[in-house]
Amino acid sequence: MHTSPGANQPTHEELQQLQQLRLDIDGVDDEILTALVRRLSLARAIGEIKQRTGQPVLDPAREASVVTRAAARARDAGLPEQEMRALYWQLMALARRAQLRDVTSG
Ligand SMILES: O=C(O)C(=O)C[C@]1(C(=O)O)C=C[C@@H](O)C=C1
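First, a word on what this report is: a plain description of the structure on this page. Here the structure is a predicted model, which is why all the values come from computation and not from measurement. (Residues numbered from 1 in each chain as written. Predicted model: local features only at pLDDT ≥ 70, side-chain atom pairs only at ≥ 80, totals over all residues. Heavy atoms only, no water.)

A closer look at the pattern of salt bridges
Here is step 1: Applying the stated criterion across every chain, the model contains four salt bridges.
Here is step 2: With a closest N to O distance of 2.8 Å, Asp-102 and Arg-44 form a salt bridge. Separated by 58 residues along the polypeptide, Asp-102 in helix α3 (residues 81–104) and Arg-44 in helix α1 (residues 12–52) bring together distant segments of the chain.
Here is step 3: Taking the relative accessible area as the measure of exposure, Asp-102 reaches 23% and is therefore partly exposed.
Here is step 4: Note that Arg-96 is salt-bridged to Glu-63, the shortest N-O span being 2.7 Å. (Salt bridge = Lys/Arg side-chain N within 4 Å of Asp/Glu carboxyl O. Helix = DSSP H or I, 4+ residues; strand = E, 2+ residues; numbered from the N terminus. Buried < 20%, exposed > 50% of the residue type's maximum accessible area, 1.4 Å probe, protein only.)

Following this line, the structure appears as C-alpha cells:
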C-alpha cells in the first residue's frame with residue numbers, strides 16, 4: 001500500500017475495519033460470481049434454441065439494447081456509465097464464447 005508522507009499510521013480499529021470491509025467485498029464478489037454463473041447458464045440455454053432454429057449467436061440489436069439498459073440503470077445508481085457499458089460488452093462476449101463452445105463441441 002502507498003503511504004503518503006505525513007499520513008497517520010492506521011489505528012488498531014482502522015486495521016480491523018479494513019479487514020472487515022475486505023471480508024464484505026469477498027462476500028459481494030461471491031454474489032457476483034454466482035450471478036455470472038447464472039447469466040452464463042441462461043445465455044447457453046438461449047444458445048441452444050438459436051442452434052436448433054438456425055439463428056446466429058451474435059444478435060447486435062439485442063446487445064445494443066442490453067448495454068443501453070445497463071447504462072441507464074448505472075446512471076440512475078450513480079455509477080460511471082462508460083465503464084458499465086464496457087463491462088457489459090465483456091459479459092456478452094463471455095456469453096457468446098460459451099455459446100460458441102457449446103455449438104462446436106457437439
Ligand atoms: O439474447 C441473446 O440472444 C443472447 O444470446 C444473450 C446475449 C447476452 O449475453 O445478453 C449474448 C449474445 C447475443 O449477441 C446477445 C445477447
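Let's pick the thread back up.
Observations concerning the site of the ligand
Here is step 1: Around the ligand, the structure places Arg-39, Ile-46, Lys-50, Val-57, Leu-58, Asp-59, Arg-62, Glu-63, Met-92, Ala-95, Arg-96 and Gln-99.
Here is step 2: One nitrogen or oxygen atom from the side chain of Glu-63 is found 2.5 Å from an oxygen atom belonging to the ligand.
Here is step 3: Look at the ligand: alone it shows 360 Å² of surface, and the protein chains cover 93% of it.
Here is step 4: Because more than half of its atoms lie within 2 Å of the grid, the ligand is assigned to the largest pocket.
Here is step 5: Put simply, the parts of the chain that give the shell around the ligand at least two residues each are α1, α2 (60–76) and α3.
Here is step 6: With four residues, α3 is the single largest residue contributor to the shell around the ligand.
Here is step 7: Grouping the amino acids of the shell around the ligand by side-chain chemistry returns five nonpolar, one polar and six charged. (Near = heavy atom within 4 Å. Polar contact = N/O pair within 3.5 Å; in protein donor to acceptor, adjacent residues only side chain to side chain. Areas by Shrake-Rupley, 256 points an atom, 1.4 Å probe, with all protein chains shown as cover. 1 Å grid on protein atoms, 1.4 Å probe; cavity = no way out; pocket = protein on both sides within 12 Å on 5 of 7 lines; lining within 4 Å. Sits in = over half its atoms within 2 Å of the grid points. Nonpolar A, V, L, I, M, F, W, Y, C, P; charged D, E, K, R; others polar.)

Things to note about the layout of surface pockets
Here is step 1: Empty space within the largest pocket amounts to approximately 880 Å³.
Here is step 2: Lining of the largest pocket is provided by 28 residues; of these, Arg-39, Val-66, Tyr-88, Leu-91 and Met-92 occupy positions nearest its centre.
Here is step 3: Residue assignment for the lining of the largest pocket shows that the elements contributing at least two residues are α1, α2 and α3.
Here is step 4: The greatest single-element share of the lining of the largest pocket, amounting to nine residues, is contributed by α1. (Points joined across faces, edges and corners; volume = space filled by probe spheres on them.)

Some thoughts on the environment of Leu-40
Here is step 1: Mapped onto the secondary structure, Leu-40 falls in helix α1.
Here is step 2: For Leu-40, a relative accessible area of 26% gives the class partly exposed.
Here is step 3: Filtering out sequence-adjacent residues up to four positions away, Leu-40 remains in contact with Leu-94, Ala-95 and Ala-98. (Contact = heavy atoms within 4.5 Å.)

Taken by themselves, the reported measurements are silent on function.
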